[in-house]
Amino acid sequence: MKLSLLEGNEAMAWGAYHAGCRFFAGYPISPATTIFNTMLRILPPCGGTVLQAEDEISALGCCIGASMGGLKAMTATSGPGLSLCSEQISFAIGSEIPLVIAEVQRLGPSTGSATRGADGDIQFMRWGNSGGMPLIVLAPVDIADCFTLTAEAFNLAEAYRCPVILASNKEIGLTRESIDLKTLRWPKRIDRSPPSGNDPFLPFKSLPGKNVPGFLPIGGNHIVRQTSSTHGAPGYITTDPNEIAAMLERMKQKIEADVDKFTFAEAVIEPKAETMILCYGVTARAAKAVCNTLKAEGKPVSLLILKTLWPVPENFIRQKTEQVTNILVPEMNLGQYVREIERILKHKHIEFLGQMDGRLITPDRIKEVLNDKFAQ
Amino acid sequence: MTSLLNKNRPPVFCPGCSHERILHALDKAFEHMGLQGNQIAIVSDIGCSGLFDTFFNTHALHGLHGRALTYAAGLKMARPELNIVVTMGDGGLGIGGAHLLAACRRNLNLTLLILNNFNFGMTGGQFSPTTPCHSSGGSGFLGMMEKPVDVGKVAVAAGASFAARASAYQKDLPALMEQAIRFKGFSIIDIQGICPGRYLKQNKLTPKQIDENLKQLSPLNGPVPENIRPEYSSVYREHAASQEPVNLPEGIEARFRPPQPGRQEVILLGSAGQRILTAGEILGIAGLSAGLNVTQKNDYNVTVLTGPSVSEIILSPEKIDYTGITSPAAVIVLAPEGVARREDLFGNLDHKTLVIQASDVEIPFTRAKIVQADFKGKRIKKTDRALAALRILAGMNRVLSPEMLDAALKERFKEKI
Ligand code: SF4
């Protein structure tokens, strides 16, 4: 066994490289900059491109251009930068452009605290685009996730032709952790599918039996159109309400109807437990510690760690919470993902533990709230 | 040689719109260059000029307002052989100003055509960055107060290696466009024209006036001698090829036994510039050399050489979940800033914790075992305190052994030590 010590941010850069990412554009921002730094070491010597953009709007714009040119592209940023990316995210959603955005969250609102952790952008990632169409958000918990979940993010971006956001946190991105790199379970690499059949190429015509169109790059032999305007299959503006409705429904379906296929999670269901901690991100690590102690004390609680946050894996959540009556949702914000849980599990006793002060939620605090709220 | 205009989608500009002339001029330039549709990408902005891509049978990328140059930059790096023409109105100049400056400075081989008709046509004739102060339009009196910008001058100041001004009505426009497209580097043409749909409703402007206005400006008609330099992507590739390839770390073989069993937590309380994070990393690597799981969680301010710097390191034979420190085996005190950040820690410590205290730093009352370190007396530099403290810890065979520390130093600094 050989162990290495890396930052979560470094691991994300390597995960991206492993998935085939060959284009990175970024703008310096704490606590995401070390992804940029690592990409700058990895990509240029192997023929890839790293650009330092003039702002985050441009960083994501460059990624859009490169992705349409056929490259797998990524940017990395934090909350203030994600705010600027918003219009480009809408474009990538509506025009089905594969990309990955690593968001290493820091304490907000606004410029907030550049070097303190938070999970304050969880709803913003989902709803911070005009039109409100779905995208995919994955949340890593540890260094292994930073490697492999990043690779999964690229695979999903390619398979579903959409932006995928990695919801990291300063406490994951800038934390160093040991790992035996040989134990990583890398997913098989997925590349965007070319169009099928011999019909003339239409850039937004879905592949047979799928809700995702075949991809050809701008700059290849076939002429390719890409547009941010409301378009039909040929990629020209359309004003036909039926065509518009069908296209938007397809784009919603392609992601939401398939979530069971890409629900990443960890569940520890204790057969007799009535209580569960449901969490994501770095807070899951405190939750795990609590579950271990409580089990040792003979008072086990169940644990559900979601790594696919958006679209909400509703079936999965319902299924895993069947036996429990009490659910605690701890988050490094003042109440975001708990809204989804309350929406899905209307008849359960759901409690929220929020903390937004730049510090990790401690296992002791979680234990205390469990005791208080559910009278263990 | 054939026209690349899309026969199925004829232009839909207002009658007399100069955009249509520019469209045909561009088609002529393409035609004269003998280009095929798949050798060209038109990246169009928003507004009436944003319709350009639909009128050509070429690759097309139409995106958000002001951002056309950002897409073009990514596309060009991905597809260096592609001829990329960006069309943007005078509105795009304002909202995309940062991208224009960046494109001029970067010098990627792109051609930017500014379809400058002195107002926002599509939205109702509001003033744009090029609207003359004396004109009236959709912004009422607001349009009369802001000085218009000479984009040619801006481009030259920002480093554009090819900059020209032209009238949409000049006969040699296709030749100028061809020159710009063939130019190896960033080229920009400010093409001044007329918007009968909006601008002419309240203002007078004729091709002759455009000519006269252009004559009054210092001439700009192609390569800018003081900005001539190699094109960005070729320079990028040269630099990139000379970079050393990097690999994931090899990893460290576990070859030592940790001095104590079980989870060991260490916290370093210092200040920026004391190499706290490096020391934390070295302690972490020492842990790897004993086959331990390691986490290192850091806490510091945005300021670079001042302020607290705190590092929390956990070494454990078990998987580490929570990365914060709960009951430290050792607290290393190196600067008051770090102590201030974790003042509440000291009251909870007991005799099981070892505090290595720089003798010139005060700490709150604690029951922990304290070892004083006279860094000042021993003339140990501020930047070496953290490493020296690790040496003390290893010397006491606490958390890490001297062999673990040596192995970690060797690994971290390679041959440099
Ligand atoms: S509004 Fe002005 S710019 Fe737009 S098509 Fe009409 S004349 Fe041309």
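Nothing here was measured: the structure is a model prediction, and the numbers come from that model.

Brief notes about the environment of L306 of chain A
Part 1 of the reasoning: By secondary structure assignment, the location of L306 of chain A is in strand β12 (residues 302-306).
Part 2 of the reasoning: Residues L306 of chain A and V141 of chain A, 165 residues apart in the sequence, show an inter-C-alpha distance of 9.3 Å.

Here we look at the side chain of S139 of chain B
Residue and element names in this part refer to chain B.
Part 1 of the reasoning: Following the sequence through the fold, S139 ends up in the loop between β4 (111-116) and α5 (151-157).
Part 2 of the reasoning: Here the side chain of S139 touches F127 through a polar contact of 2.9 Å, landing on its backbone nitrogen.
Part 3 of the reasoning: Here S139 is in contact with G125, Q126 and F127, once residues within four sequence places are set aside.

Observations regarding unusual backbone geometry
Part 1 of the reasoning: Cis geometry is adopted by the peptide bond preceding P109 of chain A, which originates at G108 of chain A and carries an omega value of 0 degrees.
Part 2 of the reasoning: Phi is positive for N107 of chain B, close to 70 degrees, though the residue is something other than glycine.
Part 3 of the reasoning: Judged by relative accessible area, N107 of chain B falls into the buried class, the value being 0%.
Part 4 of the reasoning: Of note in the backbone geometry, R275 of chain B takes a positive phi value of approximately 55 degrees without being a glycine.
Part 5 of the reasoning: Structurally, R275 of chain B is set in the loop between β9 (264-271) and α10 (276-289).
Part 6 of the reasoning: In this structure R275 of chain B comes out as partly exposed when scored by relative accessible area, which is 35%.

Side note on the sheet that holds β12 of chain A
The strands making up a sheet associate through hydrogen bonds between their backbones, and the pairing can be parallel or antiparallel.
All names here are of chain A.
Part 1 of the reasoning: Read from one edge to the other, the open sheet built from five strands follows the order β10-β12-β11-β14-β15, with strand pairing classed as mixed. Bordering the open sheet on either side are β10 (265-268) and β15 (349-354), each of which pairs with just one other strand. When the angles between neighbouring strand axes are averaged without regard to direction, this sheet yields 15 degrees.
Part 2 of the reasoning: Here strand β11 (residues 275-279) pairs with strand β14 (residues 326-331) via three bridges, running parallel. Pairing of T275 across the sheet is with N326, part of β14.

Looking at helix α11 (residues 337-344) of chain A
Part 1 of the reasoning: Buried within α11 of chain A we find Y337, V338, E340, I341 and I344 of chain A. Looking down the long axis of α11 of chain A, one finds its buried residues gathered within 155 degrees of arc, a one-sided arrangement.

Details of the site of the ligand
Part 1 of the reasoning: For the ligand, the full set of nearby residues is F13, C14, C17, H19, C48, N117, C195, P196 and G197 of chain B.
Part 2 of the reasoning: Of the residues contributing to the shell around the ligand, the split by class is six nonpolar, three polar and no charged.

Some words on the packing of aromatic side chains
Part 1 of the reasoning: In this structure the tally under the stated criterion is 14 aromatic pairs over all chains.
Part 2 of the reasoning: Seen in terms of ring centroids, F24 of chain A and F36 of chain A are 5.9 Å apart; in terms of plane orientation they differ by 90 degrees. Their pairing is edge-to-face. Of this pair, F24 of chain A sits in strand β2 (residues 21-26) while F36 of chain A is found in helix α2 (residues 33-42), placing the two residues 12 residues apart along the sequence. Each of the two residues, F24 of chain A as well as F36 of chain A, counts as buried.
Part 3 of the reasoning: With a centroid separation of 6.0 Å and an interplanar angle of 85 degrees, the aromatic rings of F147 of chain A and W186 of chain A are classed as edge-to-face. Pair noted here: F147 of chain A is in helix α6 (residues 143-160) and W186 of chain A is in the loop between β8 (176-179) and β9 (225-227), with a separation of 39 residues, a long-range link.
Part 4 of the reasoning: Among the residues examined, W186 of chain A registers a relative accessible area of 25% and is labelled partly exposed.
Part 5 of the reasoning: Through a chain of ring-to-ring contacts, three or more aromatic side chains come together here, namely F13, F30, F52, F55 and F56 of chain B.
Part 6 of the reasoning: A cation over a ring is seen here: R126 of chain A above W127 of chain A, with NZ or CZ 3.6 Å from the ring centre.
Part 7 of the reasoning: In this structure, R9 of chain B is placed above the aromatic ring of Y236 of chain A, and the distance from its NZ or CZ to the ring centre is 3.6 Å.

Cut-offs and rules
Residues numbered from 1 in each chain as written. Chains lettered and ligands numbered in written order. Predicted model: local features only at pLDDT ≥ 70, side-chain atom pairs only at ≥ 80, totals over all residues. Heavy atoms only, no water. Helix = DSSP H or I, 4+ residues; strand = E, 2+ residues; numbered from the N terminus. Polar contact = N/O pair within 3.5 Å; in protein donor to acceptor, adjacent residues only side chain to side chain. Contact = heavy atoms within 4.5 Å. Buried < 20%, exposed > 50% of the residue type's maximum accessible area, 1.4 Å probe, protein only. Pairing = 2+ DSSP bridges. Axes fitted to C-alpha atoms, helices over the stretch in contact; angles between N-to-C directions. Arc of directions from axis to C-beta. Near = heavy atom within 4 Å. Nonpolar A, V, L, I, M, F, W, Y, C, P; charged D, E, K, R; others polar. Phe/Tyr/Trp six-rings, centres within 6.5 Å; stacked < 30°, edge-to-face > 60°. Lys NZ or Arg CZ within 6 Å of the ring centre and 35° of its normal.

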